[in-house]
Amino acid sequence: MKVETKYVSPLILEDILISESKFKRAEEDLEDIKLGIKVERDIKKISDNEYRVELALLVADENERISAFVKGIGRFRTDQENQSLIERNTIAIMFPYLRSYISTLTTQPGMAPVVLPAINIVSMLQDK
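Trainee: Tell me about the overall build of the chain, and please be specific about residues and values.
Mentor: Along the backbone of the chain there are 2 helices and 4 strands. Along the longest, intermediate and shortest principal axes, the C-alpha atoms of the chain span 50 × 40 × 25 Å. Considering the chain as a whole, with its 128 residues, one finds that 31% of them fall into the buried category. The contacts of the chain with a sequence gap of at least 6 include a subset with a gap of at least 24, amounting to 65%. Put simply, the chain shows about 8400 Å² of open surface, and 47% of that area lies on carbon and sulfur atoms. Averaging the positions of the 18 positive and the 21 negative side-chain charges in the chain gives two centres separated by 3 Å.

So, in structure tokens, the structure goes:
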């Protein structure tokens, strides 16, 4: 079965994998802990129309009583040389995969899983 639309993205995710992950949790009650998110990315052009994108998320409180880290690598293809499209959209495409992985990684007995909010990628990139 094939779905056709005139709104097909010029950016295609060829492959994505989780290359690294780590979860750490203290024995104490974590009910009122406030978590922050740190996002790092690295985008490399590997051929005329192919890009390798590394996206890493660290979710932790300031004392790291709880922390979850995940790094993903995506391979993208596009025929466009639009750097803004590549930077914004590759991260926007990969983020839900890593977000879901964090939730799965933190599904532990005795605590609610960490569910990251949706992120405004444009604002995040402007702040960097």
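Trainee: Go over the pattern of salt bridges, please, and point to the residues and values.
Mentor: All told, the structure shown has 12 salt bridges when counted by the stated rule. The closest approach of N and O atoms between R75 and E50, which form a salt bridge, is 2.5 Å. Of this pair, R75 sits in strand β4 (residues 66–78) while E50 sits in strand β3 (residues 50–60), placing them 25 residues apart in sequence. By relative accessible area, R75 is classed as partly exposed at 32%. By sharing partners, the salt bridges in this structure join E20, R52, E54 and K71 into a single network.

Trainee: Summarise helix α1 (residues 83–105); cite the residues concerned and give the values.
Mentor: Given a rise of 1.5 Å per residue, 23 residues ought to cover 33 Å, and the 32 Å separating the end C-alpha atoms of α1 matches this to within 8%. At F95, α1 is deflected by roughly 30 degrees, the largest bend along its length, and proline P96 occurs up to four residues later in sequence. For α1, the set of buried residues is L85, I86, T90, I91, M94, F95, L98, I102, S103 and L105. Buried-residue contacts for α1 involve β1 (11–25), β2 (36–47), β3, β4 and α2 (121–127). By the N-cap criterion, in which a side-chain oxygen at the helix start approaches the backbone nitrogen of a residue two or three places on, α1 is capped by N82, the distance to S84 being 3.1 Å.

What counts, and where the lines are drawn
Residues numbered from 1 in each chain as written. Predicted model: local features only at pLDDT ≥ 70, side-chain atom pairs only at ≥ 80, totals over all residues. Heavy atoms only, no water. Helix = DSSP H or I, 4+ residues; strand = E, 2+ residues; numbered from the N terminus. Buried < 20%, exposed > 50% of the residue type's maximum accessible area, 1.4 Å probe, protein only. Contact = heavy atoms within 4.5 Å. Areas by Shrake-Rupley, 256 points an atom, 1.4 Å probe, with all protein chains shown as cover. Lys, Arg positive; Asp, Glu negative; His and termini not counted. Charge placed at Lys NZ, Arg CZ, Asp CG, Glu CD. Salt bridge = Lys/Arg side-chain N within 4 Å of Asp/Glu carboxyl O. Expected span 1.5 Å × (residues − 1). Bend = angle between axes of the 7 residues up to and from the residue. Polar contact = N/O pair within 3.5 Å; in protein donor to acceptor, adjacent residues only side chain to side chain.

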